[in-house]
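The chain contents come next:
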Amino acid sequence: MEKILISACLVGDNVKYDGTNNKSSLIDELLKDFELIPFCPEVEGGLSIPRDKSERLGERVVSEKGRDVTRQFSFGAEMAYNICLYLGIKVAILKETSPSCGVHEIYDGRFTHRKIKGRGYTTEYLEQKGIKVISENEIEDFLKEIRPEEKEESK
Ligand code: SF4
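Rules behind the numbers
Residues numbered from 1 in each chain as written. Predicted model: local features only at pLDDT ≥ 70, side-chain atom pairs only at ≥ 80, totals over all residues. Axes fitted to C-alpha atoms, helices over the stretch in contact; angles between N-to-C directions. Helix = DSSP H or I, 4+ residues; strand = E, 2+ residues; numbered from the N terminus. Parallel < 35°, antiparallel > 145°, perpendicular 65-115°, else oblique. Left-handed = near helix turned anticlockwise from the far one by under 90°. Contact = placed C-beta atoms within 7 Å. Nonpolar A, V, L, I, M, F, W, Y, C, P; charged D, E, K, R; others polar. Buried ≥ 20, exposed ≤ 12 C-beta atoms within 10 Å, placed from the backbone. Near = placed C-beta within 6 Å. Pairing = 2+ DSSP bridges. Core = buried A, V, L, I, M, F, W, Y, C linked by C-beta atoms within 7 Å.

J.: Is there a simple way to explain the packing of helix α3 (residues 70-87) against helix α4 (residues 121-128) in this structure?
T.: Two quantities define a packed helix pair, namely the angle between the helix axes and the distance between the axes. Running from amino to carboxyl end, α3 crosses α4 at an angle of 40 degrees, the nearest separation of the two axes being 9 Å. Considered as vectors, α3 and α4 are oriented oblique to each other. In this structure, the crossing between α3 and α4 has a hand that is right-handed. Residue-level inspection shows Phe-73, Ser-74, Gly-76, Ala-77, Ala-80, Tyr-81 and Cys-84 of α3 in contact with α4, the latter providing Tyr-121, Thr-122, Tyr-125 and Leu-126. Its residues placed into classes, the contact of α3 with α4 shows eight nonpolar, three polar and no charged.

This is the structure:
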């Protein structure tokens, strides 16, 4: 069965900065066709649960309290890619708007709740290395692509 790397919070692991998760209702659907490999780049990069909220500020990542956590984010991104390489993973499903996992949007780096176009640290790194990254908002379309019979039924 093909393996997919997935943000650990999307499968229900309590790894978010505030110790909660973002469990997706589509996990069971994904499990019908894929083996999911949950991964949290922030935790694997050395940050704790809970931890201060962080946002991308250009090439750096800073916490709400002004701590520079770029090194941890960078390490987490490299580890994510190493896992993909080791397990032959070609696709990752990551959590939109996260400073690590955001796919199309992230917060603007000023902690004002304003979203801007951009990618999280891990998303950017994986895409540079040729891994296809989609967000949790694109899972349904992704499943339709790999299950053409469902596409037909919905017509
Ligand atoms: S870094 Fe990614 S996997 Fe970890 S809690 Fe944030 S969005 Fe979820």
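Once the structure has been displayed, the description carries forward.
J.: Quick question: what am I supposed to make of unusual backbone geometry here?
T.: Most peptide bonds are trans, and most residues other than glycine sit at a negative phi. For the bond running from Ile-49 to Pro-50, omega is -10 degrees, close enough to zero to count as cis. Note on placement: Pro-50 falls in the loop between α2 (41-44) and β3 (54-57). Here the phi dihedral of His-113 falls at roughly 70 degrees; this positive angle occurs in a residue that is not glycine. Among the structural elements, His-113 can be located in the loop between β6 (105-107) and β7 (115-117). Using a count of 7 C-beta atoms within 10 Å as the deciding quantity, one classes His-113 as exposed.

J.: Mind showing me how you'd approach the site of the ligand here?
T.: In the neighbourhood of the ligand, the contacting residues comprise Ser-7, Ala-8, Cys-9, Val-15, Lys-16, Cys-40, Pro-41, Glu-42, Lys-95, Ser-98, Ser-100 and Cys-101. Of the residues that constitute the shell around the ligand, the class distribution is six nonpolar, three polar and three charged.

J.: Got a minute to help me understand the pairing of β3 in this structure?
T.: For a regular strand, the rule is simple: side chains alternate between the two faces of the sheet. Alternating residues of β3 divide into Ser-54 and Arg-56, all buried, and Glu-55 and Leu-57, none buried. In terms of strand pairing, β3 meets strand β4 (residues 60-63) through four bridges, oriented antiparallel. For Arg-56, the partnering residue across the bridge sits in β4 and is Val-61. Hairpin geometry of β3 and β4 is characterised by an intervening segment of two residues between the two adjacent antiparallel strands and by a positive phi of about 65 degrees at Gly-58.

J.: Explain the sheet that holds strand β2 (residues 35-39) to me, please; I cannot follow it from the model alone.
T.: Across a sheet, paired strands are connected by hydrogen bonds in the backbone, their directions being either parallel or antiparallel. Judged by pairing direction, the sheet is parallel, and its four strands sit side by side in the order β2-β1-β5-β8 without closing on themselves. Strands with a single pairing partner mark the edges of an open sheet, and in this sheet they are β2 and β8 (132-135). Each adjacent strand pair in this sheet contributes to an overall mean axis angle of 25 degrees, direction not counted. The sheet contact formed by strand β1 (residues 3-7) and β2 spans five bridges and is parallel. When the sheet's bridge partners are listed, Ile-6 is paired in β2 with Pro-38.

J.: I tried to follow the nonpolar core on my own but got confused; where do I start?
T.: One finds Leu-5, Ala-80, Ala-92 and Leu-126 to be the most contacted residues of the largest nonpolar core, which totals 30 residues. Among the secondary structure elements, those contributing two or more residues to this core are β1, β4, α3, β5 (91-94) and α4. If one sorts the elements of this core by residue count, α3 sits on top with five residues. If sequence neighbours within four positions are ignored, Leu-126 has contacts with Ala-80, Tyr-81, Cys-84, Ala-92, Ile-131 and Val-133.

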